[in-house]
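Here is how the chains run, residue by residue.
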Amino acid sequence: MFSKIRLLVRNSHGFVVKTSVRCLRSQIPIVLQSKDSSDDRSTSGNLTHFGYQTVPEEEKDKKVYKVFEDVAESYDLMNDAMSMGIHRLWKDAFVEELGPTPGSKLLDMAGGTGDIAFRLLKYLSNTQAADKRESHLTVSDINQHMLNVGKAKAEKLEYRDKANCVLDWVCADAENLQFEDNTYTAYTIAFGIRNCTHIDKVLSEAYRVLAPGGRFLCLEFSHLTNETLQKIYDAYSFEVIPPMGQILAGQWDAYQYLVESIRRFPRKDEFVQMIRSAGFSHVTYRDLSLGICSIHSGFKLK
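Residues numbered from 1 in each chain as written. Predicted model: local features only at pLDDT ≥ 70, side-chain atom pairs only at ≥ 80, totals over all residues. Heavy atoms only, no water.

J.: Could you give an account of helix H7 (residues 227-249), with specific residues and numbers?
T.: The end-to-end C-alpha distance of H7 is 31 Å, a good match for the 33 Å that 23 residues give at a rise of 1.5 Å each. A maximum bend of about 30° is found in H7 at valine 240, where proline proline 242 lies one to four positions downstream. For H7, the set of buried residues is Gln230, Tyr233, Ser237, Phe238, Ile241, Pro242, Pro243, Met244 and Gly245. At the N-terminal end of H7, a side-chain oxygen is found 3.0 Å from the backbone nitrogen of threonine 228, two or three residues along, and the residue is asparagine 226. One or two positions beyond H7, positive phi appears at glycine 250, with a value near 65°. (Helix = DSSP H or I, 4+ residues; strand = E, 2+ residues; numbered from the N terminus. Expected span 1.5 Å × (residues − 1). Bend = angle between axes of the 7 residues up to and from the residue. Buried < 20%, exposed > 50% of the residue type's maximum accessible area, 1.4 Å probe, protein only. Polar contact = N/O pair within 3.5 Å; in protein donor to acceptor, adjacent residues only side chain to side chain.)

J.: With reference to specific residues and values, describe the packing of helix H2 (residues 75-83) against helix H3 (residues 86-98).
T.: At a closest axis distance of 7 Å, the pairing of H2 and H3 adopts a crossing angle of 100°. Compared by their axis directions, H2 and H3 come out roughly perpendicular. The residues of H3 that touch H2, namely those facing Asn79, Asp80 and Ser83, are Ile86, His87, Arg88, Trp90 and Lys91. (Axes fitted to C-alpha atoms, helices over the stretch in contact; angles between N-to-C directions. Parallel < 35°, antiparallel > 145°, perpendicular 65-115°, else oblique. Contact = heavy atoms within 4.5 Å.)

J.: Explain the pairing of strand S10 (residues 281-288) to me, and be specific about the residues and the numbers.
T.: Moving residue by residue along a regular strand, the side chains alternate between the two faces of the sheet. Across six bridges, the pairing between S10 and strand S11 (residues 293-299) is antiparallel. The residue of S11 that forms the bridge with serine 281 is phenylalanine 299. If you look at the hairpin formed by S10 and S11, you'll find four residues sitting between the two strands, and serine 289 has a positive phi there, around 50°. (Pairing = 2+ DSSP bridges.)

So, in structure tokens, the structure goes:
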């Protein structure tokens, strides 16, 4: 008459734990749907998701801002700890994929702490060009705290002058850029687009500010194609990263959100369609580390 059912629930610290309850067989629901279902990404009205929470759109903007305000000073340390340093190789591959040339006009969005920008400068400094044309790099982020960290690091760069590149830091919203149409030869965004409320608006703005022939390049966490590896990766993400965030940065909730935001981001094929819908052509993606993250590429042809 009574049956015991097992449930996975999240405790007050964010851990997923097993529990069981006794109930009448007639009370056992036919379908139990997990809140972390990767297919549940829909929004209703002016509601959207903040990790696994459903919140008003304007509230998400504030929450995301607060997350990166809180982690700005420890952002680089946590990136190294969470990925065991592999994020550096991903970002190297990302910049090499772009291969910027002297004379380029580059826009790096959500690039506050400078991880991509400094790699772009280093790449340009190592590029031999007879004409020595001046390049221009705009680093933009919605969070001034992140930009402040990047600007402080930029002062210590030894190869900055060798790059022959003008470097600007601009606080801006990726969904509503103040830059003119048809301006940039390349638009890069690394591990930032999933934190935006309206991904379609980000892509539309990227298309608008790129000059004809310009390239959109996005580095973002993704989903592994192997289910067993995905389960191992999920276990590591939920059970290790938030406690690590608490120990190293005093920020459990911020890193809990970052883990959840990865699971809510569109899968690769879905994101490819979104990039195409924004007007980009020759849209492709390239998996890194078995699909833990991917480089998405598209071109503005006219």
